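# A closer look at the structure
This is what each chain is made of:
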Amino acid sequence: MQFLSFEKGIEVNGQTVYAIVDGFKLIKSLAYKHLKEAGVGEVEKDESVKINPSTWYSQEAWLKAFESISKEVGDSVLYQIGLAIPRNAKFPPWVVDIDTAVQSIDVAYHMNHRKGGREMFDPTTGKMLEGIGHYGYNRITGENKIISVCENPYPCEFDKGILTTMAQKFQPLAKVKHDDLKPCRKKGQKSCTYVITW
Ligand SMILES: [Zn+2]
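Quick caveat: nothing in here was measured; it's all calculated off a predicted structure.

### Observations regarding the sheet that holds strand β6 (residues 118-119)
- Spatially, 4 strands are ordered β4-β1-β5-β6 in an open sheet, and the strand pairing comes out antiparallel. Looking at the sheet topology across the chains shown, the edges are occupied by β4 (56-58) and β6.
- Here strand β1 (residues 10-13) runs beside β4; their pairing, made up of 3 bridges, is antiparallel. Counterpart to Asn 13 in the pairing with β4 is Trp 56.

### Some remarks on unusual backbone geometry
- Not every positive phi belongs to a glycine, and Phe 3 is a case in point at roughly 75°.
- Considering the arrangement of structural elements, one finds Phe 3 in the segment before β1.
- Accessibility expressed as a C-beta count within 10 Å gives 18 for Phe 3, which makes it partly exposed.
- Although it is not a glycine, Glu 47 sits at a positive phi angle of roughly 75°.
- Residue placement: Glu 47 occurs in the loop between β2 (42-43) and β3 (49-50).

### A short note on helix α6 (residues 98-111)
- The terminal C-alpha atoms of α6 lie 20 Å apart, and with 14 residues this matches the ideal 20 Å at 1.5 Å per residue to within 8%.
- Of all the bends found along α6, the most pronounced is centred on Ile 105 and spans about 30°.
- Buried residues dominate α6, accounting for 12 of its 14 residues.
- Among all positions in α6, only Ile 98, Ala 101, Val 102, Gln 103, Ser 104, Ile 105, Asp 106, Val 107, Ala 108, Tyr 109, His 110 and Met 111 are buried.

### Considerations on the environment of Asp 159
- With respect to the helices, strands and loops of the structure, Asp 159 is situated in helix α7 (residues 156-170).
- A sequence separation of 77 residues divides Asp 159 from Gly 82, and the C-alpha atoms of the two residues are 6.0 Å apart.

### Some thoughts on the environment of Gly 39
- If you trace the backbone, Gly 39 turns up in the loop between α3 (28-38) and β2.
- A C-alpha to C-alpha distance of 22 Å links Gly 39 and Asn 152, two positions 113 residues apart in sequence.

### Quick word on the nonpolar core
- One finds Val 17, Ile 20, Trp 62, Val 102 and Ala 167 to be the most contacted residues of the largest nonpolar core, which totals 55 residues.
- Per element, the largest residue contribution to this core is 8 residues, and it comes from α6.
- Discounting residues that sit within four places of it in the chain, Trp 62 has contacts with Val 12, Val 17, Ala 38, Val 40 and Tyr 57.

### Things to note about the packing of helix α5 (residues 75-88) against α7
- Where α5 meets α7, the axes come as close as 7 Å, and the angle between the chain directions of the two elements is 40°. Here α5 and α7 pass one another in a crossing that is right-handed. In this structure, α5 contributes Asp 75, Leu 78, Tyr 79, Gln 80, Ile 81, Gly 82, Leu 83, Ile 85 and Pro 86 to the contact, and α7 contributes Glu 157, Phe 158, Asp 159, Lys 160, Gly 161, Ile 162, Thr 164, Thr 165 and Met 166.
- In terms of residue class, the contact of α5 with α7 is made up of 9 nonpolar, 5 polar and 4 charged.

### Overview of the pairing of strand β11 (residues 145-151)
- Side chains Ile 146, Ser 148 and Cys 150 project from β11 onto a buried face, and the interleaved Lys 145, Ile 147, Val 149 and Glu 151 project onto a face without burial.
- Relative to β11, strand β10 (residues 138-139) runs antiparallel, the two being bridged by 2 bridges. Across the sheet, the residue bridging to Arg 139 is Ile 146, located in β11.
- Connecting β10 to the next strand, β11, in antiparallel fashion are 5 residues, including Gly 142 with a positive phi near 80°.
- Note: β11 against strand β13 (residues 192-197), 6 bridges, orientation antiparallel. The residue bridging Ile 147 from the neighbouring strand is Val 195, located in β13.

Procedures and definitions
- Residues numbered from 1 in each chain as written.
- Predicted model: local features only at pLDDT ≥ 70, side-chain atom pairs only at ≥ 80, totals over all residues.
- Pairing = 2+ DSSP bridges.
- Helix = DSSP H or I, 4+ residues; strand = E, 2+ residues; numbered from the N terminus.
- Buried ≥ 20, exposed ≤ 12 C-beta atoms within 10 Å, placed from the backbone.
- Expected span 1.5 Å × (residues − 1).
- Bend = angle between axes of the 7 residues up to and from the residue.
- Core = buried A, V, L, I, M, F, W, Y, C linked by C-beta atoms within 7 Å.
- Contact = placed C-beta atoms within 7 Å.
- Axes fitted to C-alpha atoms, helices over the stretch in contact; angles between N-to-C directions.
- Left-handed = near helix turned anticlockwise from the far one by under 90°.
- Nonpolar A, V, L, I, M, F, W, Y, C, P; charged D, E, K, R; others polar.

Here is the structure:
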């Protein structure tokens, strides 16, 4: 299901939240409107919304902003925000090719979320806390193909955007296709499946 957090009290860092502003490109006022309505960030005198990169924000509220963007603006902006995520969120340093790039999404996802005040991935121990779902990675042997099952509360088009930017970082011609025969979060199901080829 899109837009519904799996657990209460999860937080996401400002660096990641900023992708909403980045994804709206020239129409930043619209990004501010949705962030304001969802109660994310600080409203400034000029009606812009300040997102502090080192502050942690409520995931529930951030998802609310996604929901209203989806309803009022449409899915194409969710895709743009997804494309902007890798420009804004922190990614681990071992990303060197398309395989490690797609693998890193789940790690980065957990690094950029916090539960009970703790970052959900600890790079020193490699430990991951559960509670926000996952970004899958399954390389098809002998083919230039990766299947990614995404089971998390973020929207379908947003995840397609993240996968596209990460795949094209190392394989500029990579394509990401939503597998329409599999479940889809837009239909209220738990996950979406994407096929990455290059
Ligand atoms: Zn879907």
